[in-house]
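Understanding the architecture of this molecule
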Amino acid sequence: MTTLRAFDVSNNNFSGAIPSCILQNLKSLEYVHFSGNAFAGSLSLASLANNSNLEVFHLLNNRNSLEVNTEEPPWFPSFQLKVFSLSDCVLNKDANGVVPSFLKEQRELTHVQLSHNGMTGKFPIWLLDNNVHLEQFELIGNNLSGELPPWIGSVLPYLSYLNLSKNVLEGRIPFSMGNMKALDTLDLSDNSLTGEIPEPLAKNCTALVLLKLSGNNLQGEMLPTGSNLTSLTFLYLDNNGFTGHISPGILSSSYLQVLDVSNNSLSGTLPNWIGDIEYLDMLILSSNLLRGPLPLSFCNLHHLVLLDFSSNNFGPNIPQCSNVTVMRFLHLANDMLAGHFPEFLSGASSIVTLDLRHNALSGKVPSWIGSLWNLKVLLLQGNHFEGSIPLDLCMLKNMSILDLSNNNLSGQIPSCLKDLQFGEDKVSTDAFDTSSDWRQDMYPYRYEGRFSITFYYEADRRSTYAYRLEEVNFVTKSRSESYEGQILQLMSGMDLSQNNLIGFIPPEVGHLSELRALNLSHNHLMGPIPETFSNLKNVESLDLSYNSLTGPIPPQLTKLYTLSDFRVAHNNLSGRIPGGKFQFGTFDKASYEGNPLLCGTPLTRCDKPSQVLETPPSFNHTKEDDSWREAFTWSFAGAYVVAFLGVVLFLYLHPYYQYMLFELVRKCIPSFSQ
């Protein structure tokens, strides 16, 4: 075994510690691959000191359970690495997470991956300066600070992949990056970079496929006018401070598939040439200062899968010719839309998320809504929809989040809503996956030593190339929460609050056992709380407040062990509050107030005489009611007095009518004249 040159135990889910003796005794090793396991304990890379032939070392994706020490005991490497990959470890815990100092002695590195290791300190400029043949360089998710060297693009002519995202880098993007002719991926997102996008970068890096500068403090034009990024496919400039119009610089990127410039300060209208970027499948312009009307060329975008125009002013309507055949995620919230429910959506048979919240849409929810059978999230909160809840909604078997709150809907709650799944099928799907064609990027790398071996260098590109996670906002537990990724897959809820719904709560609603949030508050519902609500085994938030519900709180609800937010305030409930055990022992007075006939902890004791009130106070009683009642009483009394005095005065002035009144009274009451 002492002559062993390649040692590969990757992707085996091995646990426990890595024996240092393996690395110490196998002095002929050239290639080591420990990735994709569950190693724990600690490992000192000083055990590699005498492996003079070592050229490749991989230790990736180790679940952050292994402590790796490169500083103690002091050592000097006898090798010159070509590939060094170390990620998802606890690196140099006792040395404040410093960048491994042995790398200062390396001069032949072509691939470096040091991600998610908690490294701190200044950005290792020396690592770039010493290794001018670098092709892949990745330092994702650390805490490295400082500025990028101004000469970075002049000394790294072979660099094709540079990812320094999720650090605390400052300063400007160096102009010299325009010299990186081989660069196909540049990700500097989630740092604190300032200034504008350098013009040489936008003009000369024609091999760039992905440019991701999200989450910085960049300003100016989103892309220089003379941009020539002819290979650009993915452009992420969101969460910056870009101003001005949508730059025509992207016209040179005819293969662009993803454009995300959300959360900036862009203004003006959507340019007419937007329809020329025919391969766009994700267009994210949310939270800017853009306005309508949309150009008719927008209808030329036939491949849109995700469209997010929310929090702009694209209203009052969207062109009827808009192509939504393959669209799966549509966000038009807070866009000043008006009129009826957009008719063009009747052809959106693939739609998964439809968000029309906080607009001025009116009329009825159309019956054809039931034909959107892939729909999982329907958000109509804060509009002016009226009429009854259409029975066609019950045909949406894949529904997981339904929000019809803050409208003018009337009528009864359809009992057929029990047919909605709300996650009951428990099937793990990729319904919210915005990147069904995504794959882990693997770079083939052929190691040429005294033997040849081809392996695949794994670049941690999921955060870089993966499309934006679908994100949904939904109010639960009286606060707006944002759900995305796996959490969105698990979330289910129904909000019908703040409408004009009447009648009894259908007992069938209690059969929606997978619901995690149910809000029926601020309506005109009456009758008892259905005992079937005890079947809502996964409910975390249940709000029935501000209705006219009567009767006791079903004691069976104490078996809702996941319930953490319960509100039945301001109804006409009576009887004893179920015993304060399990979750019901955590609810305070605010959950029950406004029910004068309700007693028990945390309200008044049930044995108090004052608990039985002669006249329960009216619901929705306000000071305005008191002042109105007082004014009515005084005006009525005044009118009565004025009328009485008027009759007396009339009789006094007309003796004939006095005589006639006297005769009428004498005939009706014979004893009157005696």
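Please refer to the structure higher up on the page.
Just so we're clear, the structure is a prediction, and the values are computed from it rather than from any experiment.

1. With respect to the state of the cysteines
One pass over the full model with this rule turns up 3 disulfides. Here Cys394 connects covalently by a disulfide to Cys416, the sulfurs 1.9 Å from one another. Measuring handedness by torsion sign, the sulfur bridge of Cys394 and Cys416 sits at about 60° and is right-handed. Here Cys416 lies in the loop between β34 (408–411) and β35 (442–448) and Cys394 lies in the loop between β32 (384–388) and β33 (401–403), a separation of 22 residues in the sequence.

2. A few points about the environment of Thr562
With respect to the helices, strands and loops of the structure, Thr562 is situated in the loop between β44 (548–551) and β45 (565–567). Judged by its relative accessible area of 33%, Thr562 is partly exposed. Distance from Thr562 to Asn538, taken between C-alpha atoms, is 5.9 Å for residues 24 residues apart in sequence. Those residues in contact with Thr562 that sit more than four places away from it in its chain are Lys537, Asn538, Val539, Glu540 and Gln583. At a separation of 2.6 Å, a polar atom in the side chain of Thr562 contacts the main-chain carbonyl oxygen of Val539.

3. Observations concerning empty space enclosed by the protein
In this approach the atoms are scanned with a rolling probe the size of a water molecule, which exposes any empty space left behind. Per the counting criterion, the structure on display carries 2 cavities of 30 Å³ or more. As for the largest cavity, its lining consists of Phe298, Leu301, Leu304, Leu307, Ile318, Ser322, Asn323, Val324, Met327, Leu330, Leu332 and Phe344. Taken as a whole, the second largest cavity holds about 30 Å³ of empty space. Forming the walls of the second largest cavity are Leu45, Leu48, Leu54, Phe57, Trp75, Phe79, Leu81, Phe84 and Phe102. Here the lining of the second largest cavity is composed, by residue class, of 9 nonpolar, no polar and no charged.

4. A closer look at the packing of aromatic side chains
Each aromatic ring pair is specified by the distance between its two centres and by the angle formed by the two planes. Tallied over the full model, the rule gives 18 aromatic pairs. Relative to Phe84, the ring of Phe57 has its centre 5.9 Å away and its plane inclined at 25°; by these criteria the two rings are stacked. Here Phe84 lies in strand β8 (residues 83–86) and Phe57 lies in strand β6 (residues 56–59), a separation of 27 residues in the sequence. By relative accessible area, Phe84 is classed as buried at 1%. Aromatic ring contacts, followed pair by pair, group Phe7, Phe34, Phe39, Phe57, Trp75, Phe79, Phe84 and Phe102 into a single cluster. Directly above the ring of Trp126 sits Lys104, whose terminal nitrogen or CZ lies 5.5 Å from the centroid. Positioned above the aromatic ring of Tyr236, the side-chain terminus of Lys212 is 5.2 Å from the ring centre.

5. A short note on the sheet that holds strand β21 (residues 241–244)
The strand order β17-β19-β21-β23-β25 describes an open sheet built from 5 strands, whose pairing is parallel. Every interior strand has two partners, whereas the edge strands, β17 (194–195) and β25 (289–291), have only one. Bridging between β21 and strand β23 (residues 265–269) involves 2 bridges; their strand directions are parallel. From the neighbouring strand, Thr243 faces β23, where its bridge partner is Ser265.

6. Some remarks on the sheet that holds strand β28 (residues 338–339)
Read across the open sheet, the 9 strands follow the order β28-β30-β32-β34-β40-β42-β44-β46-β47; overall the sheet is parallel. The sheet is open, and its two borders are formed by β28 and β47 (597–599), each paired with just one other strand. Judged from the 2 bridges that link them, strand β42 (residues 524–527) and β44 form a sheet pairing that is parallel. Counterpart to Gly527 in the pairing with β44 is Leu549.

7. Thoughts on the pairing of strand β37 (residues 471–476)
Within a regular strand, side chains alternate between the sheet's two faces. The side-chain alternation of β37 yields one buried face, formed by Val472, Phe474 and Thr476, and one unburied face, formed by Glu471, Asn473 and Val475. Across 6 bridges, the pairing between β37 and strand β38 (residues 479–484) is antiparallel. By the bridge assignment, Thr476 is partnered in β38 with Arg479. Connecting β37 to the antiparallel partner β38 that follows it, the hairpin turn spans 2 residues, and Lys477 within it adopts a positive phi of roughly 55°.

8. As for the side chain of Asn37
The topology assignment puts Asn37 in the loop between β3 (31–33) and β4 (38–39). A polar side-chain atom of Asn37 sits 2.9 Å from the main-chain carbonyl oxygen of Phe34. Here Ser35 takes part through its backbone oxygen, which lies 3.1 Å from a polar atom of the side chain of Asn37. With sequence-adjacent residues up to four places away left out, Asn37 is seen in contact with Val9, Ser10, Asn11, Asn12, Asn13, Phe14, Asn61, Asn62 and Arg63.

9. Section: the pattern of salt bridges
Here the structure, examined in full by the defined rule, presents 9 salt bridges. Notably, a salt bridge pairs Glu199 with Lys203, separated by 2.5 Å at the nearest N-O pair. Of this pair, Glu199 and Lys203 both sit in helix α4 (residues 199–204), 4 residues apart, roughly one helical turn. Overall, Glu199 belongs to the partly exposed group, its relative accessible area being 39%. Put simply, Arg479 and Glu481 hold a salt bridge, and the shortest N to O gap is 2.5 Å. We classify Arg479 as partly exposed; its relative accessible area is 45%.

Calculation notes
- Residues numbered from 1 in each chain as written.
- Predicted model: local features only at pLDDT ≥ 70, side-chain atom pairs only at ≥ 80, totals over all residues.
- Heavy atoms only, no water.
- Disulfide = S-S within 2.5 Å.
- Helix = DSSP H or I, 4+ residues; strand = E, 2+ residues; numbered from the N terminus.
- Buried < 20%, exposed > 50% of the residue type's maximum accessible area, 1.4 Å probe, protein only.
- Contact = heavy atoms within 4.5 Å.
- Polar contact = N/O pair within 3.5 Å; in protein donor to acceptor, adjacent residues only side chain to side chain.
- 1 Å grid on protein atoms, 1.4 Å probe; cavity = no way out; pocket = protein on both sides within 12 Å on 5 of 7 lines; lining within 4 Å.
- Points joined across faces, edges and corners; volume = space filled by probe spheres on them.
- Nonpolar A, V, L, I, M, F, W, Y, C, P; charged D, E, K, R; others polar.
- Phe/Tyr/Trp six-rings, centres within 6.5 Å; stacked < 30°, edge-to-face > 60°.
- Lys NZ or Arg CZ within 6 Å of the ring centre and 35° of its normal.
- Pairing = 2+ DSSP bridges.
- Salt bridge = Lys/Arg side-chain N within 4 Å of Asp/Glu carboxyl O.

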